[in-house]
Amino acid sequence: MSEALGMIECRSFPAMVEAADAMVKAAKVELVSYEKTGGGYTTAVVRGDVAAVRAACDAGRTAGARVGDVVAVHVIARPHTGVDMTIPLGRDPEAAKKK
């Protein structure tokens, strides 16, 4: 089964926390990181099965919008191994090299 990468960017930290909470409750995904990108923007990153990540991102979009502004939601179905080696986002870089 392919592993996907899902990201939700919100305009406030509380909105991102609400979105992240909804994502991990909605589907079998792992919250692997979050990034404060500046200007009040924060991004949560999840990994898991493609369908689970899509469902989690949909739930996160709805929940985050109740608390603040959801700026972007994006799912990458099968990130290239080069992405995992450069920006591991929850995956061991050595494991990415072996694939």
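In this report, the structure presented in the accompanying data block is examined. (Residues numbered from 1 in each chain as written. Predicted model: local features only at pLDDT ≥ 70, side-chain atom pairs only at ≥ 80, totals over all residues. Heavy atoms only, no water.)

Across its full length, the chain holds four helices and four strands. Ordered by position from the N terminus, the helices and strands of the chain form the series β-α-β-β-α-β-α-α. Counting over 99 residues, the chain shows a buried share of 32%. Pairs at least 24 apart in sequence give 69% of the contacts found in the chain among residues at least 6 apart. Per element, the accessible surface of the chain, about 5600 Å² overall, is 54% carbon and sulfur. (Helix = DSSP H or I, 4+ residues; strand = E, 2+ residues; numbered from the N terminus. Buried < 20%, exposed > 50% of the residue type's maximum accessible area, 1.4 Å probe, protein only. Contact = heavy atoms within 4.5 Å. Areas by Shrake-Rupley, 256 points an atom, 1.4 Å probe, with all protein chains shown as cover.)

In helix packing, the relevant descriptors are the interaxial angle and the interaxial distance, both defined with respect to the helix axes. Contact geometry for helix H1 (residues 13–26) and helix H2 (residues 50–67): axes closest at 7 Å, N-to-C directions at 150°. Remark: the crossing between H1 and H2 carries right-handed chirality. Along the contact surface, H1 presents Pro14, Ala15, Glu18, Ala19, Ala22, Met23 and Ala26, while H2 presents Ala56, Cys57, Ala59, Gly60, Ala63, Gly64, Arg66 and Val67. (Axes fitted to C-alpha atoms, helices over the stretch in contact; angles between N-to-C directions. Left-handed = near helix turned anticlockwise from the far one by under 90°.)

Right, let's talk about the packing of aromatic side chains for a bit. Counted by the stated rule, this structure contains one aromatic pair. Centre to centre, the rings of Phe13 and Tyr34 are 5.8 Å apart; their planes meet at 65°, and the pair counts as edge-to-face. With Phe13 in helix H1 and Tyr34 in strand S2 (residues 29–38), this residue pair connects regions lying 21 residues apart in the sequence. The partly exposed category is assigned to Tyr34, whose relative accessible area is 46%. (Phe/Tyr/Trp six-rings, centres within 6.5 Å; stacked < 30°, edge-to-face > 60°.)

Moving on to the nonpolar core. With 17 residues, the main nonpolar core has Ile8, Cys10, Met23, Val29, Val53 and Cys57 as its most contacted residues. Contributions of two or more residues to this core are made by strand S1 (3–10), H1, strand S3 (41–49) and H2. Looking at which element gives the most residues to this core, the answer is H1, with five residues. Look past the residues within four positions of Ile8 in its chain and what remains in contact with it is Ala19, Met23, Thr42, Thr43, Ala44, Cys57, Gly60, Arg61, Val70, Ala72 and Val73. (Core = buried A, V, L, I, M, F, W, Y, C linked by side-chain atoms within 4.5 Å.)

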